[in-house]
Amino acid sequence: EIDDPPTCYLTGDLIDLSDTSSYEFDHIIPRSRGGTNDLFNLGVTTREANRAKQDLLLDEFLDLCEKVLRHHGRIE
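Residues numbered from 1 in each chain as written. Predicted model: local features only at pLDDT ≥ 70, side-chain atom pairs only at ≥ 80, totals over all residues. Heavy atoms only, no water.

**Q** Could you give me a rundown of the environment of Leu64, with the residues and numbers involved?
**A** Turning to its location among the elements, Leu64 is positioned in helix H2 (residues 58-71). Leu64 sits in the partly exposed class, given a relative accessible area of 39%. Distance from Leu64 to Leu17, taken between C-alpha atoms, is 28 Å for residues 47 residues apart in sequence. (Helix = DSSP H or I, 4+ residues; strand = E, 2+ residues; numbered from the N terminus. Buried < 20%, exposed > 50% of the residue type's maximum accessible area, 1.4 Å probe, protein only.)

Printed below as a string of structure tokens:
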């Protein structure tokens, strides 16, 4: 039995494993950039977060999110 409910590694949102349409497995290092299908390279994400990240590395995705938030005045 799992003590803690799974969360999206990108957003922190709770993942409902019984609703398979609500989550996906993300290649942390995208396959298009040399990543593998090994378990250590897969992270559970919400469908929306995984679609937004696409083939970016995590640091690139975070930089993009920061740029968008800064442009829209959500952060300084």
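**Q** Would you mind going over the pattern of salt bridges in detail, with residue names and values included?
**A** Scanning the model with the defined rule gives 5 salt bridges in all. Linking Asp26 and Lys53 is a salt bridge whose minimum nitrogen-to-oxygen distance equals 3.0 Å. Residue Asp26 is found in strand E1 (residues 23-27), and its partner Lys53 is found in helix H1 (residues 47-53); the two are separated by 27 residues along the sequence. Lys53 carries the same exposure label as Asp26, and that label is buried. Between Arg33 and Glu60 there is a salt bridge, with the nearest N and O atoms lying 2.6 Å from each other. Of this pair, Arg33 sits in the loop between E1 and strand E2 (42-46) while Glu60 sits in helix H2, and the two are 27 residues apart along the sequence. For Arg33, a relative accessible area of 39% puts it in the partly exposed group. Taking the relative accessible area as the measure of exposure, Glu60 reaches 30% and is therefore partly exposed. (Salt bridge = Lys/Arg side-chain N within 4 Å of Asp/Glu carboxyl O.)

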